[in-house]
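# A closer look at the structure
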Protein chains: 2
Amino acid sequence: MRIMPARRVTLKDVAATAGVSYQTVSKVINHQLQVSEETERRVWQAVETLNYRPNHTARALRSQRSFTLGYSWPPSPKDQTNPILDQFLQSIFEAAQERGYYLLCFPYNMDTKQHLETYGELIDTGRVDGFILSSVEYQDPRVLFLLERNFPLVAFGRSDPELFFPWIDVDGAAGIAMVMSHLLELGHVRIAALAWPQSSRVGNNRMEGYFNTLKAAGIDPKPCWIQRGEGRFSFGYEATRQLLDLPKADRPTALIALNDPMAIGAMQAAREHKVAIGTQLVIASFDDTPMVRYLDPPLTSVRQPIWEVGQRIIPMLLDYIETGRLPEPTSVLVTPQLIIRGSTGSQINKQEGG
Amino acid sequence: MRIMPARRVTLKDVAATAGVSYQTVSKVINHQLQVSEETERRVWQAVETLNYRPNHTARALRSQRSFTLGYSWPPSPKDQTNPILDQFLQSIFEAAQERGYYLLCFPYNMDTKQHLETYGELIDTGRVDGFILSSVEYQDPRVLFLLERNFPLVAFGRSDPELFFPWIDVDGAAGIAMVMSHLLELGHVRIAALAWPQSSRVGNNRMEGYFNTLKAAGIDPKPCWIQRGEGRFSFGYEATRQLLDLPKADRPTALIALNDPMAIGAMQAAREHKVAIGTQLVIASFDDTPMVRYLDPPLTSVRQPIWEVGQRIIPMLLDYIETGRLPEPTSVLVTPQLIIRGSTGSQINKQEGG
DNA sequence: GAAAGTTAGGCGAACGTTCGCCTTAATAAA
DNA sequence: TTTATTAAGGCGAACGTTCGCCTAACTTTC
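Residues numbered from 1 in each chain as written. Chains lettered and ligands numbered in written order. Predicted model: local features only at pLDDT ≥ 70, side-chain atom pairs only at ≥ 80, totals over all residues. Heavy atoms only, no water.

### Brief notes about the overall build of chain A
- Of the regular secondary structure elements, chain A holds twelve helices and twelve strands.
- On the principal axes, the C-alpha backbone points of chain A span a range of 90 × 45 × 45 Å.
- Going through the 354 residues of chain A one by one, you find that 55% of them count as buried.
- The contacts of chain A with a sequence gap of at least 6 include a subset with a gap of at least 24, amounting to 67%.
- Of the roughly 15,500 Å² of accessible surface on chain A, a fraction of 51% belongs to carbon and sulfur atoms.
- For chain A, the separation between the mean place of its 36 positive charges and that of its 38 negative charges on side chains is 3 Å. (Helix = DSSP H or I, 4+ residues; strand = E, 2+ residues; numbered from the N terminus. Buried < 20%, exposed > 50% of the residue type's maximum accessible area, 1.4 Å probe, protein only. Contact = heavy atoms within 4.5 Å. Areas by Shrake-Rupley, 256 points an atom, 1.4 Å probe, with all protein chains shown as cover. Lys, Arg positive; Asp, Glu negative; His and termini not counted. Charge placed at Lys NZ, Arg CZ, Asp CG, Glu CD.)

The following block contains the structure:
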């Protein structure tokens, strides 16, 4: 036998107490204002004393809306933690709650077909009104699926330019460009990059900042400076060893990594090569994982305004859902922030950096 | 105007196609088997061709169940990442989906009263059938609130012994005891601890392992070996500086931290004192944040079986919800795993450690 | 002072299920 | 045969809302 918490208070109870029909109570609660002030007062009074709360399920059934948003994200590899997950989730939960929505979270299934099946189920069973996507890639199957079904979504991250859908993204190119300018100002000319494969959309965006800045400075990057691999510690370590073994004339004096784990690997390699980090080799990265401020030396990194992304992505999705029209603007680019620390030598910001 | 995705397929559509009443279709779908095989076949056939899926909201309204579980967790401080969040979430999402449930996640509100208000709303509006709690403390207001409302919950973490409710927890005492035994085997006698304040339930559990092991070994820990503070890098750093300034006879040769950030702070302090980590000062900690395997030296740490906790906590809650009786067993203690790395000197596991 | 307009609020229906009861026909027992 | 038993499936109601329409009373207008 199931648990039956004390019987729920319904519209009819409130109506009985207030001495009106239950439909009138509904009107009051939904601010339909074909109700006299006197009646309204009485109804609210009854709502108060009975501690009435509209049944969400009934409301959802009748109005054909669930006031629920779906979200699923790819789990991080076992040797890394997702540095932005917690903050992003808290931010979207809060922004959603503010507008009367909650988030339904579901597992990320590595099998694409099964994963899309879950999206389909959530749509067809009416459990969600729209989706948040993240870690969007080129020709992302989730995007294609939802576009085809014409179901509301907003993505954290872009995809192919010809796919038209609402998104918000951190301007990775601008972030890396800030790092590059910083390095150029420090006098560095031979700047290496630890990047992702060219199939990575995020990686390519960030690398734009690398190429464009160098081009503007009239520097032609040697191909060997650009190392591509998966964004793990081990790749950063190996790639940096190779970079440090280059002949002196080619050997980079500065290095940017597209994420923190690669940078930490690079630091390890530098340490083993007896290369002083921050002077002989300057290192910077992207993401500003909380822990990197405690590395030795503290790591210069680009911080994404994650809270802001969360606060903005939710209204975009809700406007889309509630009006049925694409949000304006349909795409948003937010600028990250460069946090300068000891790993790029300059001691101008020995403090925490926020 | 709202988006109206192609009209949903309902029971009636299926019934029309199969040539039966819609209630009969319902019976087939719910395996009520007062249906001939022939009819059943036809119905499933129709379900297939129309791609029918039962409307979740209607089902929830009628059956007074939402098939949804609520979860909220305290956000981690800005200078730390929660090392287990992602894995725990993925695990509970998966376990829940397997039994036909999804998770409704909502923001953690620092204002306790408002936070409980959210729990109450989710209950009263019928949005969830039960709650998962984590980071449970002594006299936890969420536990007290839900117990009073007699609403199903299962906690990841214990509270006061006299509060009777279902929980699953990692045996922190056993975890620290494993570390301590390891350190004793290595010959250490003066072992310090970086702990949380005594108001911390998790901290006290873990410290049991410290005290019990020392007692069993006939060692009486000096009060100055036990440093208590908030579990941050900065506290670990400061406390370790003090420990290293103790007169030689008192100075610890080994140190356990109740979490990784404190241990990393300790490593920093040791480095600045020119004390060799892993030989002159041995350091171990708790949680095994993915990144600590890449520290220099790699950090010995206790790893919690988070995936398992997630896989077990969900069936506990669902059994509770579906039968209305407390799950059996009502409380579960799982044992963590010691991952030995360079920071405790022994090189027996120079590999990744999983 | 009658026609027209406005307003408060009641009523029936509908959203898409599940549930319990009832009917009918087929089968078994007497 | 007649009666009791069972199985298959139909039917009405209910879950708790929202929505649109209708009525009655009251107000305005010429």
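### Concerning the pairing of strand β4 (residues 153-156) of chain A
All names here are of chain A.
- Here β4 shows a buried face lined by L153 and A155 and a second buried face lined by V154 and F156.
- Relative to β4, strand β3 (residues 130-134) is paired through four bridges, and the arrangement is parallel. Bridge assignment links I132 to a residue of β4, and that residue is V154.
- As a crossover connection, the stretch from β3 through helix α7 (residues 141-148) into β4 is right-handed.
- Alignment of β4 against strand β5 (residues 167-170), held across two bridges, turns out to be parallel. Across the sheet, F156 pairs through a bridge with I168, a residue of β5. (Pairing = 2+ DSSP bridges. Right-handed = clockwise from strand over helix to strand, strands pointing away.)

### A word on the sheet that holds strand β10 (residues 300-303) of chain A
All names here are of chain A.
- Read from one edge to the other, the open sheet built from six strands follows the order β7-β6-β8-β9-β10-β12, with strand pairing classed as mixed. Each edge of the sheet is formed by a strand with only one pairing partner; in this case those strands are β7 (226-228) and β12 (337-339). Neighbour to neighbour, the strand axes of the sheet diverge by 15° on average, direction disregarded.
- Of the pairings in the sheet, the one linking β10 to β12 comprises three bridges and is antiparallel in character. (Axes fitted to C-alpha atoms, helices over the stretch in contact; angles between N-to-C directions.)

### Regarding the sheet that holds strand β6 (residues 191-195) of chain B
Residue and element names in this part refer to chain B.
- The strand order β7-β6-β8-β9-β10-β12 describes an open sheet built from six strands, whose pairing is mixed. The open sheet has two edge strands, β7 (226-228) and β12 (337-339), and neither has a second partner. If you compare each strand with its neighbour and ignore which way they point, the axes differ by 15° on average.

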